[in-house]
Amino acid sequence: MLRPISRSLCRFNLLGTRSCSNASEKLVITEVDDKTGYATVTLNRPPVNSLNLELLKSISEALDELQNNKSRGMILTSSSKTVFSAGLDIMEMYKPKPERLKDFWSTLQDVWFKLYGSAFPTVAAINGHSPAGGCLLALCCEYRIMCPNYTIGLNETQLGIVAPTWFQASMRNTISRRESELALTLGTLFSTDQALKVGLIDEIAANKEEAIAKAAVFLDKFRKISPQARAMTKQALRSKDIMQLEDNRSQDIDLFVYAVTQPKVQKSLELYLEGLKKRASA
Amino acid sequence: MLRPISRSLCRFNLLGTRSCSNASEKLVITEVDDKTGYATVTLNRPPVNSLNLELLKSISEALDELQNNKSRGMILTSSSKTVFSAGLDIMEMYKPKPERLKDFWSTLQDVWFKLYGSAFPTVAAINGHSPAGGCLLALCCEYRIMCPNYTIGLNETQLGIVAPTWFQASMRNTISRRESELALTLGTLFSTDQALKVGLIDEIAANKEEAIAKAAVFLDKFRKISPQARAMTKQALRSKDIMQLEDNRSQDIDLFVYAVTQPKVQKSLELYLEGLKKRASA
Amino acid sequence: MLRPISRSLCRFNLLGTRSCSNASEKLVITEVDDKTGYATVTLNRPPVNSLNLELLKSISEALDELQNNKSRGMILTSSSKTVFSAGLDIMEMYKPKPERLKDFWSTLQDVWFKLYGSAFPTVAAINGHSPAGGCLLALCCEYRIMCPNYTIGLNETQLGIVAPTWFQASMRNTISRRESELALTLGTLFSTDQALKVGLIDEIAANKEEAIAKAAVFLDKFRKISPQARAMTKQALRSKDIMQLEDNRSQDIDLFVYAVTQPKVQKSLELYLEGLKKRASA
């Protein structure tokens, strides 16, 4: 297990665990399999891959690289043993600097555009818990394989917040409208088994290695298919969702900034963080 | 069982049973559980809760009251032993006064806006048959629990009429597009068991009391969730359907008035009512 | 089995079999059952009903005739023993005359408008393979009954091409968004059993006769329903898809012509046809 370098560098995230920077490690590790050409993109911001500006920028750059290299396929996974991604880093929202806050949200939008609309095929190998923003990354992929005994879901209402319309659209692209409404209003965190039943994931794998192996099996199905025809088909199917955000990008940022900077929201973030500190020192 | 005050006050409805006014009874009874804070809203226009202007206005007012009181949740049910609601009152459409006809349809739209888009969570405890407009009320709710051996469906085509687009949208929000098309073109009335299978209802309860108890169990799931985040999430998911009618409200009224006042339609209503009278006196 | 009149008249289609004109045979045979009033429309362009301009025009005329005669219902099937329709005739796209190419695509749009939006109820009795354009015809119908051991699907990506948005919309109207995305990006050809499981077809029939008999059973369900109310309901449900193409009809033709006339596409068609010739003479 990675240990924090110093307490002062630690940041608290939504799961209440600590996230620490370590300059010697890359936030995102891309490895291309020589034989298959598939890229494994590993989120690597210990301990729980909470999505801060730097991690999002690293993901965005990794996706650009795959796009430019006309990747044959991507497998998104985590270096953590128990968490795929804990979602957005709460520290980005607490007492934020206005410009960074905008950049943070705009970069999340970038990641969504690049992942949800990628030309290359994408699979999430979900080897740990995947709430909120973690679930969003998984939903953006075209196929989801999950390890047992974890949870996944857009649980925003459980946190007192609202999943943006493009988070909702990503879920609706995957499970039925009916199940989406229940899941989004209740903020349901599905177990691996429940997620399979409702269609939020496609397969279960015993462990990370098996998940990645199964991901490659899925990607293999595209080997004989024209990458261009495939990409155009996927993008046509997802175009309404994509255009919806493209047409409202700046309003979506303004709405996020407005919501986060409300005194009431800042106060509740403060109380939340104080609670975490107390628990951490107890 | 309630008895009609006088034959002259009776009105015939779509199911062919009689509906009678009784000034001493409220058309809608709202009871709030002191412990849970949940409101049970009981449709009470014997014998079959056919939706006339007065009943619709009473429902609309009851929904306003719950909204203003920031209700924790609503359970919609019926005082009848066999009918949830028989749907729109045919007498509102036979030889109508133009102003009342417009008011009737506009009030139905109001009820739909307030119920389909309510901030508070809603459950239908469907303790009887629920055709056409009765099914619409149930579809507007977020969860449906039904007692055995009844029927439910948007059976408009069976009656020779067309379910308006917002009726159709309410069904599509609940069951799949494929099942919606079959159900709406065929005018299918589903049995309780069939309704569960297709997803038109969520649960079966042995009787009204059990239905209401199960409804409370569903509402309890929202106890730890921010009501505001919940409401905004629900309304975002249903916003396209809501905006669709908002943008076409007056045209939708005009279309209804035009259709109803066609001589051919009035003639068929007349024949239908004569048939009912003959059967009633036989 | 029908034999080609002369080799020079033969045309190669996407399945790699030969299609031959025979002036003595009608391309589409419409037979109306005296008892039920249902019309069986049989595609009859041996050997595999590849959709060229003439066959499409014949289908379009057959649909007009049914519409004008206020048909009670249509059953679409094939005179072939193994193929429902092999899809678009590749010869329409190879070294095309510009005007004919436009006419070809415009006629396919016509067929789609008339079949997808028909007032009368429609059933596909799929008595053979049904790839690409063949699957499209089946998807336009309101009900699908298929014989065992054939394949069906919008397999365009397998052929290196992209199914137009209205092909995609027809699939989305039938199976879930999730299954549509997988099927369309992978270009899946489903076996009869798989098609039933995913909802691409509604029933399996042992043979053509049973398929037609089952189709009549489905159509019988509409006997007591107002044809006008039925038609308006169906058209309202499908109106968004229909308006989408209506609003983009000429752009859709331009896009098709542009794509087909690309030197790269013409080259790959040439290679494909040469391969067929070699196989045919081997």
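Only a predicted model underlies this, so the values are computations on that prediction, with no experimental measurement involved.

So, how was this worked out
Residues numbered from 1 in each chain as written. Chains lettered and ligands numbered in written order. Predicted model: local features only at pLDDT ≥ 70, side-chain atom pairs only at ≥ 80, totals over all residues. Heavy atoms only, no water. Least-squares fit on C-alpha atoms with pLDDT ≥ 70 in both. Contact = heavy atoms within 4.5 Å. Pairing = 2+ DSSP bridges. Helix = DSSP H or I, 4+ residues; strand = E, 2+ residues; numbered from the N terminus. Salt bridge = Lys/Arg side-chain N within 4 Å of Asp/Glu carboxyl O. Polar contact = N/O pair within 3.5 Å; in protein donor to acceptor, adjacent residues only side chain to side chain. Nonpolar A, V, L, I, M, F, W, Y, C, P; charged D, E, K, R; others polar.

Time to look at the relation of the copies chain C and chain B. Overlaying chain C with chain B gives an RMSD of 0.0 Å, the required rotation being 120 degrees about an axis along which the chain moves by 0.0 Å. Read as a symmetry element, the transformation amounts to a three-fold axis. Minimal C-alpha separation from the rotation axis in chain C is found for Ser176 of chain C, amounting to 4.3 Å. Here only 4% of the contact residues of chain C are again contact residues in chain B; the copies associate through non-equivalent surfaces.

With that settled, consider the relation of the copies chain C and chain A. In the superposition of chain C on chain A (RMSD 0.0 Å, axial shift 0.0 Å), the rotation amounts to 120 degrees. In this assembly the copies use different faces: only 6% of the residues contributing to the interface of chain C also contribute to that of chain A.

The next thing to look at is the sheet that holds strand 10 (residues 190–191) of chain A. All names here are of chain A. Spatial strand order, 7-9-10: three strands in an open sheet with mixed pairing. Edge strands, defined here as strands with exactly one partner in the open sheet, are strand 7 (130–131) and strand 10. Relative to strand 9 (residues 151–153), strand 7 runs parallel, the two being bridged by two bridges. Across the sheet, the residue bridging to Ser130 is Ile152, located in strand 9.

Before going further, it helps to examine the interface of chain C and chain A. As a measure of interface size, the accessible area lost when the parts come together is often cited. Across the boundary between the two partners, chain C contributes 16 residues, which contact 23 residues of chain A. The interface formed by chain C and chain A holds three salt bridges in total. Here Glu181 of chain C ties to Arg238 of chain A by a salt bridge, and the two come within 2.7 Å at their closest N and O atoms. Remark: the boundary between chain C and chain A carries seven residue pairs in polar contact (both at pLDDT 80 or more). Counting residues per element, the side of chain C that touches chain A draws most heavily on helix 5 (residues 177–186) of chain C, which supplies eight residues. Considering only residue class, the side of chain C that touches chain A consists of five nonpolar, six polar and five charged.

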